[in-house]
Each structure stands twice: as C-alpha cells, then as structure tokens.
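Residues per chain are reported as follows:
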Amino acid sequence: MDFDTPLAEAWIRAIAAAVEKEQGRLTELDSAIGDGDHGSNLQRGFAAVLAALAALDGPRPAGPGTVLTKTGTTLISKVGGASGPLYGKAFRAIGAALPAPAGPAALAEALAAGLDAVRALGKAEPGDKTIVDAYTPAVAAFRTAAAAGADLPEAAAAAADAAEQGARDTTALQARKGRASYLGERSKGHQDPGATSTALIFRTLADVTAG
Ligand code: ADP
Ligand code: MG
C-alpha cells in the first residue's frame with residue numbers, strides 16, 4: 001500500500017474529525033498554560049481546509065502532495081495562533097517533499113521535511129515543551145520502522161505511539177517557547193496542547209492507513 005491521493009484526503013478528513021471531537025480537551029490543556037484557544041484554532045483551521053479541499057475536486061484528481069500543500073496554505077491563512085503557521089508550514093513542506101504515490105520510506109522523509117519546517121519557523125529544540133516534542137520521536141519511529149521494512153500501517157502506528165509518548169512526556173517539562181514559556185516553572189505539570197494535537201495527527205494517520 002502506498003500513500004496516494006485518496007489516503008491523503010482521508011487523513012486530512014480524519015484530522016478534521018479528530019480535532020472536532022477533541023476540541024474541548026485541547027482547549028482545556030491550552031487554558032492551563034496558554035490562552036485556551038488551541039482547540040478552536042485547529043477546529044476553525046481544519047473546517048476551512050475541508051472547504052478548500054472540496055474546491056480542489058476537478059476533472060483531474062490532484063496528487064497527494066497537492067492535497068497536503070493546500071492544507072498547509074489554508075491553515076496559514078485561517079489560523080491566527082502560533083499553531084496555524086507552524087502546522088501550515090509543516091503540511092506545505094510535507095506536500096512539497098511527497099512523491100506520488102509514496103511508500104513508507106518516502107513518507108517518512110516527507111514527514112521529516114515537515115518537522116524541519118516547524119523547527120525552522122519556531123526555533124524550538126526538543127525539550128522546549130512544544131509540537132517538536134511529539135513530532136521528533138514520531139519521525140524517528142516512522143523512519144526506523146520504514147527502514148526495517150514495515151508497511152505503511154505499521155510505520156504509522158509506531159509513529160503514533162512515539163508521538164503519544166512524546167506528548168505525555170511534555171507534562172514534566174518547563175516551556176521555553178510560545179505563550180506557555182511566560183509561566184516559567186508554573187508551566188510544569190501540564191501536558192502541552194500542541195504536542196497533544198501532533199499526537200492526534202499521527203494517530204489519525206495510523207488509523208486511516210490501517211483502513
Ligand atoms: P497560541 O499559543 O498563539 O495561542 P495555539 O494555542 O494554537 O497558539 O498553539 C499553542 C501550541 O503551539 C503550544 O502548545 C506549542 O505546542 C506550540 N508552539 C508554540 N510556540 C512554538 C514554537 N516556537 N515551536 C513549536 N511549537 C510551538
Ligand atoms: Mg493558544
């Protein structure tokens with residue numbers, strides 16, 4: 001199985017559904033160490049993405065890269081918070097790096113390009129209590145699994161497990177980037193909202209590739 005256009009569209013739709021469902025939890029996490037808008041930022045962003053993807057439907061189906069690039073561009077234009085440009089740049093970079101169709105190793109490298117884009121824009125290091133703390137282990141796990149010959153569902157499941165562990169591990173960290181960093185020591189003891197939504201995004205990839 002390859003990562004093709006139907007899978008790319010299914011992934012984005014699944015993210016939109018997951019964000020809708022988990023909006024309250026994401027907002028609760030962001031209320032503890034931020035300004036309480038992470039859930040609504042992503043809900044609004046992915047609702048706009050669904051509309052933009054519907055407008056893409058034409059006589060000639062777009063490639064999976066185009067689906068993800070359009071997702072990124074829409075997030076950048078519709079989400080005001082820090083997470084909009086960060087996820088927006090990530091999806092644009094993933095889309096730009098993605099061959100059509102992509103096997104597990106090619107998807108791993110495209111996802112890694114997305115992580116590079118997040119780091120280039122946000123300048124966060126692992127351990128700063130951000131998206132990077134879920135995304136970094138997810139890419140590492142995806143690459144390792146793909147290199148060991150895992151198929152797409154196996155590699156994506158390994159990445160989702162690693163992202164969820166990374167998100168849980170942000171609880172103990174002190175935030176050094178973003179709004180939560182204003183709290184200093186008081187940011188400890190709460191799971192990072194952005195790392196949590198990153199784990200959600202990787203879990204939906206595992207779910208849609210598993211069929
Ligand atoms: P805002 O902080 O502008 O309200 P959101 O609430 O939508 O935006 O997103 C907050 C999340 O963004 C944080 O939980 C964190 O994971 C992520 N974040 C903030 N700054 C950075 C950064 N420089 N690099 C990576 N992720 C970041
Ligand atoms: Mg916020």
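Residues numbered from 1 in each chain as written. Chains lettered and ligands numbered in written order. Predicted model: local features only at pLDDT ≥ 70, side-chain atom pairs only at ≥ 80, totals over all residues. Heavy atoms only, no water.

Examined against the element boundaries, His38 turns out to sit in helix α2 (residues 38-56). Here His38 falls in the buried class, since its relative accessible area comes to 6%. Not counting residues within four places of it along the chain, the set of residues in contact with His38 comprises Leu26, Asp30, Ser83, Tyr87, Pro193, Gly194 and Ser197. (Helix = DSSP H or I, 4+ residues; strand = E, 2+ residues; numbered from the N terminus. Buried < 20%, exposed > 50% of the residue type's maximum accessible area, 1.4 Å probe, protein only. Contact = heavy atoms within 4.5 Å.)

Overall, the coordinates contain 4 aromatic pairs when judged by the stated rule. Both rings, one in Phe3 and one in Trp11, keep their centres 6.1 Å apart while their planes meet at 80 degrees; by these two values the pair is edge-to-face. Measuring from centroid to centroid gives 5.5 Å for Tyr135 and Phe202, while their planes differ by 65 degrees, and the two rings are edge-to-face. Within this pair, whereas Tyr135 is found in helix α6 (residues 132-147), its partner Phe202 is found in helix α8 (residues 193-210), the two being separated by 67 residues in sequence. We classify Tyr135 as buried; its relative accessible area is 4%. (Phe/Tyr/Trp six-rings, centres within 6.5 Å; stacked < 30°, edge-to-face > 60°.)

What follows deals with the layout of surface pockets. Here the largest pocket is characterised by a volume of approximately 520 Å³. Along the wall of the largest pocket there are 26 residues; nearest its centre are Ala82, Ser83, Leu86, Gly178 and Arg179. Contributions of two or more residues to the lining of the largest pocket are made by α1 (5-33), α2, α4 (83-97), α5 (104-122) and α8. The residue inventory of the lining of the largest pocket, partitioned by class, reads 10 nonpolar, 9 polar and 7 charged. Approximately 170 Å³ is the volume attributed to the second largest pocket. (1 Å grid on protein atoms, 1.4 Å probe; cavity = no way out; pocket = protein on both sides within 12 Å on 5 of 7 lines; lining within 4 Å. Points joined across faces, edges and corners; volume = space filled by probe spheres on them. Nonpolar A, V, L, I, M, F, W, Y, C, P; charged D, E, K, R; others polar.)

Our next topic: the coordination of the magnesium ion (ligand 2). The protein atoms that coordinate the magnesium ion (ligand 2) are Asp30 (OD), Asp35 (OD) and Asp37 (OD), at distances spanning 2.0 to 2.2 Å. Read N to C, the donor residues that coordinate the magnesium ion (ligand 2) are spaced as D-x4-D-x1-D. Accessibility expressed as a relative area gives 22% for Asp37, which makes it partly exposed. (Donors = N, O, S within 2.8 Å, 3.2 Å for Na, K, Ca; no water.)

As a further point, take unusual backbone geometry. For the bond from Ala100 to Pro101, the omega torsion is -10 degrees, close enough to zero to count as cis. Here Pro101 lies in the loop between α4 and α5. Despite not being glycine, Lys123 has its phi angle at roughly 60 degrees, a positive value. For Lys123, the position within the fold is in the loop between α5 and α6. Relative accessible area serves as the criterion here: at 55%, Lys123 is assigned to the exposed category. The phi torsion at Lys129 lies on the positive side, around 70 degrees, for a residue other than glycine. Mapped onto the elements of the fold, Lys129 is located in the loop between α5 and α6. Overall, Lys129 belongs to the buried group, its relative accessible area being 1%.

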